[in-house]
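Residue-level listing of the chains:
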Amino acid sequence: MKYRLLPFNFTRFKEKEVLVNELGDLLVSPRGTVERIINHEDIDAELYKSLVANYFLYEGDIPGTLDIYASRLKTKKSFLGAGTALHIFVLTLRCNQNCIYCQASSRAAENKHCSMSIESMDAAVKLMFKSKSEYLTMEFQGGEPSLEPGLIRYGIELAEQINLQEKRHLTYVLCTNCVNLTDEVLELCKRYNIVISTSLDGPKFIHNHNRGQDSSYDRVTKGIEIAREELGKDRVSALMTTSTFGVHYPIEIVNEYVRLGFNSIFLRALNPYGLATQNDNWDEYTDQFITFYKTAFEHILDINKAGKFFMEEYAVILLRKILTPFTTGFVDLQSPAGILNSVIVYNYDGNVYASDESRMLAEFNDYTFKLGKVTDSYEDLFFGEKARAFAKVWSNECLAGCSDCPVRPYCGADPVRNYSTQGDMYGIRYNSALCKKNKAIIEYLISLLVDREDEVLPIFKSWLS
Amino acid sequence: MRFEWNIESNDNALFVTAQCNNRCIMCCQPPLHQDDIDDLLEKNLKAIDNAPQGIKVVGITGGEPTLLGDKLFILIEKIRSKLPETAIQLLSNGRRFSDSQYAKRMKEVGGDNLFVGIPLHSDYVGDHNLVAGVNGAYDETMLGLYNLNAAGVEIELRVVINSINAYRLPLMSEFIYKNLPFVSWVAYMGMEHTGYAIANEKQIWIEPEEYKDSLGEAVKRLADWGMDVAIFNIPLCLLREDARRFSKHSISDWKVRYADCCNACSLKCECCGLFGTSKKEFNGIKAL
C-alpha cells in the first residue's frame, strides 16, 4: 500500500519501539518498525492498519480525516483558548511555621507589613475577571494565608459581588498548613465552599524534621481532622514535598497518606526556589527522587492490587495525556507553558507575576518574571513586552532538545525554571534536572504500559475514569 | 402497504427508501435502484397522522434515509409535531453528515429526543471501505460523526461484527475511546445470516464462538473507560461470561425466535434469542 508519514517521534524499550504522535497517541511496535516504515519495507498487516488508524501513516495525497486530527489536537490544547483560570493571591509572607525547604520566603507571623493591602486585593480581583475563562479559581497562598482571614473574606465577597453580573464558575482554594483553622476561617470555608489544600510530608518523624518543629505534625493532622469534620472529607486535600531527608522513605510516606484516609498522594520533588536552593547537589537529589518515585509508585500499585483505590496524582496527570484524548489543567506540564496562559500571581506587595515560582525569584531581588502591578491594565500585563518575550520560549514544540523528544506531547515548557536553574529562559536540555526527572518518570510509566499492561492498565483506567 | 402501528412494539420503524449509497457486503436488506422516495414519504407522513400517542420510539430506516436530503427533515418535523414525546431513532451510514450544515439542521429539526445510529466497520480506513463497499465512505462517516457531535446530536455507534473486523475489536475499542469518546454508547451487533451476508459468506461470515474473546476484551476495554456498551443479536451462550451483562434485547419482536435447546436454558428470559430471519443458526448454541 502506498502511504505517507504524519509527524511522530519514537523511543525504544528493550525489544519494542514506542511511537508517539502529535496528539500524544502512543503505539507499541516491534523494534525496527520505524526504519521499515521509512524505507517502505513490508510490515505486519495488522500493525500497518493500526499505524494508519492512529495517525502515524496515511494513504492517498492528504489524510482523509485531517479535520478530525485537527479537532483532536484542539482538544489536547484546549487549556489554551479558555483564558487564564488559576489566579493565585499571595495574601502574606507571614507564617506560623519554619519549613527547612520553604519555597515562599516566609516571615515571622508578627511582620504585619508583609500582607496584601485592601486596594491591591480590589485591583487583583477586578483583573481576574478580565480573563475570559468560564472557570475562575481564586487560590489563596502565603506565607500562611489563614493568618489573614479578613483579606480572604474581602476578596471573596468582592468576587461574588462582581460575579452576579459575570456569572463565571468560581472556585476557592485555601493553601494552608491547617495549624490556624480558627472558627472564623472555618466559617468562611463553609460559607463559600472553599477547598483546603494542606501540606503534609509524611509520618511524624519526616514531617517534623522538614518543618523544623517538633509539634508541627500533631497540629497539622489535628487541623486536617477538624477541617474534615467541619467541611467534609472530600474538601480537604494534602500535598507532600520530598525533602532530602524524606527521599529515603518512600514506603513510609505513602503508608502515612493511606493511614490518614487520603485516596491519593502527589509525589512532588523539591523545587529550586527560596531556601530550597541551599540544597545545592541537584544531580544527586534528582537521581534520588527518581528512585524514590519509582519505589513509592510500585508500592502504590501493590496497594491497588490488594483492592484499595489509591492514586498518585502526578501519574494521573501524565496518564491522562498518554491514554486519553483529553487535556489536563496542570500548569507545570503545558506547552505553551502554564505561565500567563493558565496561571497568574497577584503578590502581597501589589506586583503581578507570571507564576508562583516567578514571585519566589523576586524574593531574591530578581524581577525577570514580574509583569507589572495590579493597578496596570490587563492588556499591558498579559500582552506587554515581557509576555511577548516569554512567548518566544514557552512552546516545547519549538525548543531545541524538546522538539525531537519522544515524550514531548506529555511534557511541558518551563521558561521560569530554565531561567532560575540555568540562567536562560530558553534552557539547555541535556543537563537539565527538570528534563531528566520528567523524562525518567514519563518513560517509567510508558515502560509499565509496555511491559506490564495487563497488570497496570486496569489500575490506571480506574484512576482516570 | 399500510403502516400498522403497534404501541407495545419496540419496532415501529418508518421505511423511507430502499436506495443506499453504501454497498455493505453483509447488508441484510440489499438496496434497490428505484425512485421510491416521494411515494414512501407520502405514505409515512400519513402513517404519522394516524399514529397513536404513547409510542416510545419511532425508527427511520432504509436504505439510507439521508438520501432523502431535505425531505428527511419534513418527515422528522412531522414526527416532532405529532408525537412530541416519542424518541426518534434514525439509522444512517452517517456520510451525509460530513456536511456540517446538514448535521446542524438535523439537531434543529429533531431536537433533543433524536439519536442517530451509525455503523463503523473498522478503525482502519481500508477495512471500513471494504465492508461499506465504497471508497471514501470512512472519511465521510468519521467526519459525519464529528459534525453530529458538534451539532449536539446523540449518537449510537454500531459495530457489526464480521470476519474482517472481528480480531481488531479490542484495538478498535481504544480507537473509539480516543477518537469518538463523545458517542452516547457503542453497540456491538452480531450479523444476520441473510441478504448479502449469504452471498458473501466466504468473505465475511464468522461465528460468534470464534470472536467470543475478542468481543469480550473489546467490550471490557470500553467499559473500563466508563463508556456505555451494549451487545445486540448474540445469544448469551455465545458471549464470554463477563460480557453477558452488556447484552440487550434487541431483535425486533417479529424477528426473534429461540432454538429447541433454549427451552432448557436458565437464562432464556434474559437472552436476546436468535434472528427468525437468519437462514442458519449460529454454531454452539447451548442451554446455560
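Residues numbered from 1 in each chain as written. Chains lettered and ligands numbered in written order. Predicted model: local features only at pLDDT ≥ 70, side-chain atom pairs only at ≥ 80, totals over all residues. Heavy atoms only, no water.

Novice: Pulling in residues and values, what's your account of the packing of aromatic side chains?
Specialist: Under the criterion given, the structure shown has 34 aromatic pairs over all chains. Between Phe289(A) and Phe292(A), the ring centres sit 5.7 Å apart and the planes meet at 35°, which makes this aromatic pair tilted. Here Phe289(A) pairs with Phe292(A), and both are found in helix H11 (residues 282-305), just three residues apart, close to one helical turn. Both residues of the pair, Phe289(A) and Phe292(A), belong to the buried class. Ring centres 6.3 Å apart and planes at 80° place the aromatic pair Phe326(A) and Tyr177(B) in the edge-to-face group. Residue Phe326(A) is located in the loop between helix H12 (313-323) and strand E16 (343-346), and its partner Tyr177(B) is located in helix H6 (residues 169-179); the two belong to separate chains. One aromatic cluster in this structure is built from Trp282(A), Tyr285(A), Phe289(A), Phe292(A), Tyr293(A), Phe297(A), Tyr444(A), Phe460(A) and Trp463(A). The ring of Phe262(A) carries the charged tip of Arg228(A) above its face, separated from the ring centre by 4.4 Å. The ring of Tyr102(B) carries Arg96(B) above its face, with NZ or CZ at 4.0 Å from the centroid. (Phe/Tyr/Trp six-rings, centres within 6.5 Å; stacked < 30°, edge-to-face > 60°. Helix = DSSP H or I, 4+ residues; strand = E, 2+ residues; numbered from the N terminus. Buried < 20%, exposed > 50% of the residue type's maximum accessible area, 1.4 Å probe, protein only. Lys NZ or Arg CZ within 6 Å of the ring centre and 35° of its normal.)

Novice: Account for the interface of chain A and chain B, with residues named and values stated.
Specialist: Interfaces are often described in size by the accessible area the parts lose on coming together. Facing the 28 residues of chain A at the interface are 21 residues of chain B. When chain A packs against chain B, the two sides together hide about 2000 Å² of surface, and 58% of this comes from carbon and sulfur. The three residues of chain A that bury the most area against chain B are Lys49(A), Ile68(A) and Lys461(A), which together make up 28% of that side's buried surface. With a shortest N-O distance of 2.8 Å, Asp127(B) and Lys49(A) are connected by a salt bridge. Here chain A is connected to chain B by 11 residue pairs in polar contact (both at pLDDT 80 or more). (Contact = heavy atoms within 4.5 Å. Buried area = accessible area lost by both parts, 1.4 Å probe. Salt bridge = Lys/Arg side-chain N within 4 Å of Asp/Glu carboxyl O. Polar contact = N/O pair within 3.5 Å; in protein donor to acceptor, adjacent residues only side chain to side chain.)

Novice: How would you sum up the sheet that holds strand E6 (residues 185-189) of chain B? Please name residues and give values.
Specialist: Residues and elements named next belong to chain B. An order of E1-E2-E3-E4-E5-E6-E7 is seen for the seven strands of this open sheet, with the pairing classed as parallel. Both outer strands of the open sheet, strand E1 (13-15) and strand E7 (229-232), are each paired with one neighbouring strand and no more. Shown here is a sheet whose adjacent strand axes are inclined to one another by a mean of 25°, direction ignored. Relative to strand E3 (residues 87-91), strand E2 (residues 57-61) is paired through four bridges, and the arrangement is parallel. Bridge assignment links Val57 to a residue of E3, and that residue is Ala87. Where H6 meets the sheet, it contacts strand E5 (154-160) and E6, and its direction lies at approximately 165° from that of E5. (Pairing = 2+ DSSP bridges. Axes fitted to C-alpha atoms, helices over the stretch in contact; angles between N-to-C directions.)

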